[in-house]
Amino acid sequence: MDGRLRSVLFVCTGNVFRSLTAERALIRALGGSSAVSVASAGIEDVPDLRVRSDVAAYLASHGLDVADHQRRTLTPEIAAGAGLIIAMNSDHRCFLADRHAIEAPLYTAAIGGAAEEMPNVDDLFHPDDYLSEPAKQHIRDTIDRIIGGAPALAQRIQAGLV
């Protein structure tokens, strides 16, 4: 092997919002000829969890179709197969360290910025407020932030910086 990064795995809680967005955005930023495999997974096993319709619609408005997405739960095999694992929040980093002995950077650090949290809706809002306008705005802002960082991450991967 030549030492180049072969695969990237994004990890979040349920694999229906943040890690999914990062996966699709990086695939697009790397381009169709990239040899880097990109995937995502969630740390919680919630088989019936689906991408919210407002999330799917907002991603579609940015040219990211997630209609075919099948969420998956992180397993030791999935983790072992990844060249680089990127966590979306510090609780994901702790999970990866505790359960898999993996030191994963936060997404914001991987794109070359300061290590900052990317909170999920349930980190900030009561369940009764998950569909409120402030919660929806948080989702849109987070998606914009993830998509906006994908080109920098692609460049850092291609330059061998991560």
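Positions within a chain are numbered from 1, following the residues in the order the chain's sequence is written. At least 70 in pLDDT is required for a residue's local features to be given in this predicted model, at least 80 for side-chain atom pairs to be given and counted, and no such filter applies to totals for whole chains, interfaces and linings, which use all residues. Side-chain descriptors were evaluated using all non-hydrogen atoms of the structure, hydrogens and water having been removed beforehand.

Draft legend 1. The packing of helix H2 (residues 53-61) against helix H7 (residues 133-158), seen in detail. Axes here mean lines fitted to C-alpha atoms, for a helix over just the part in contact, with angles spanning 0 to 180 degrees between N-to-C directions. Secondary structure is summarised from DSSP: a helix means a run of H or I of at least four residues, a strand means a run of E of at least two, and numbering begins at the N terminus for each. Where H2 meets H7, the closest approach of the two axes is 11 Å, and the angle between their N-to-C directions is 40°. If you check the angle between H2 and H7, you find them oblique. For the element pair H2 and H7, the recorded crossing hand is right-handed. Between H2 and H7, the contacting residues are Asp-54, Val-55, Tyr-58 and Leu-59 on the first element and Lys-136, Ile-139, Arg-140, Ile-143, Asp-144 and Ile-147 on the second. Orientation categories follow fixed angle ranges, with anything under 35 degrees roughly parallel, anything over 145 roughly antiparallel, 65 to 115 roughly perpendicular, and all other angles oblique. By definition, any crossing whose near helix is turned counterclockwise from its far helix by less than a right angle is left-handed, and any crossing with a clockwise turn is right-handed. By definition, residues are in contact when any of their heavy atoms lie within 4.5 Å.

Draft legend 2. Region of interest: the sheet that holds strand S1 (residues 7-12). As summarised here, the arrangement of the 3 strands in space is S2-S1-S3, forming an open sheet in which the pairing is parallel. Because the sheet does not close on itself, it has two edges, and the strands there are strand S2 (37-42) and strand S3 (84-87). With direction set aside, neighbouring strand axes in the sheet form an average angle of 20°. Looking at chain direction, S1 and S3 are connected through 4 bridges and run parallel. Note that in S3 the partner of Leu-9 across the bridge is Ile-85. Along the sheet, helix H1 (residues 18-30) makes contact with S1 and S2, crossing S2 at roughly 175°. Contacting S1 and S3, helix H4 (residues 90-100) runs over the sheet at an angle of about 140° to S3. Whether two strands pair depends on DSSP finding at least two bridges between them.

Draft legend 3. Structural context of unusual backbone geometry. A positive phi is found at Asn-15, a non-glycine position, where the angle reads about 65°. Here Asn-15 lies in the loop between S1 and H1.

Draft legend 4. Spotlight on the nonpolar core. Grouped together as the largest cluster of nonpolar side chains are 34 residues, with contacts concentrated most on Val-8, Phe-10, Leu-26 and Tyr-107. Of all the secondary-structure elements, those providing two or more residues to this core are S1, H1, H2, S3, helix H5 (107-110) and H7. Here this core gets 9 residues from one element, more than from any other, and that element is H7. In this text, buried Ala, Val, Leu, Ile, Met, Phe, Trp, Tyr and Cys residues form a nonpolar core when linked through side-chain atoms within 4.5 Å. Each residue is placed in one exposure class: buried if its accessible area under a 1.4 Å probe, protein chains only, is under 20% of its type's maximum, exposed if it is over 50%, and partly exposed if it falls in between. In this structure, Ala-82, Ala-87, Phe-95 and Leu-96 belong to the second largest nonpolar core, which totals 16 residues.

Draft legend 5. Structural context of a negative patch on the surface. Excluding any residue in a salt bridge, patches collect residues exceeding 30% relative accessible area, merging like charges within 9 Å and nonpolar Val, Leu, Ile, Met, Phe, Trp and Tyr side chains within 5 Å. Surface accessibility in these figures is a Shrake-Rupley result with a 1.4 Å probe; residues are shielded only by whichever protein chains are displayed. Think of a salt bridge as a Lys or Arg side-chain nitrogen and an Asp or Glu carboxyl oxygen that are within 4 Å of each other. Charge counting follows a simple rule: Lys and Arg are positive, Asp and Glu are negative, and His as well as the terminal groups are ignored. Charge positions are represented by NZ for Lys, CZ for Arg, CG for Asp and CD for Glu. There is a patch of like negative charges on the surface, built from Glu-44, Asp-91, Glu-117, Asp-122 and Asp-123. Structurally, Asp-122 is set in helix H6 (residues 121-124).

Draft legend 6. Seen up close, the pattern of salt bridges. Inspection of the entire model under this criterion finds 4 salt bridges. For Asp-68, the salt bridge identified is with Arg-24, shortest N-O distance 3.1 Å. One end of the pair, Asp-68, is in the loop between H2 and helix H3 (76-80); the other, Arg-24, is in helix H1, and 44 residues separate them in sequence. We classify Arg-24 as buried; its relative accessible area is 15%. Ionic pairing is found between Arg-52 and Asp-54, a salt bridge with its closest N-O pair at 2.8 Å.

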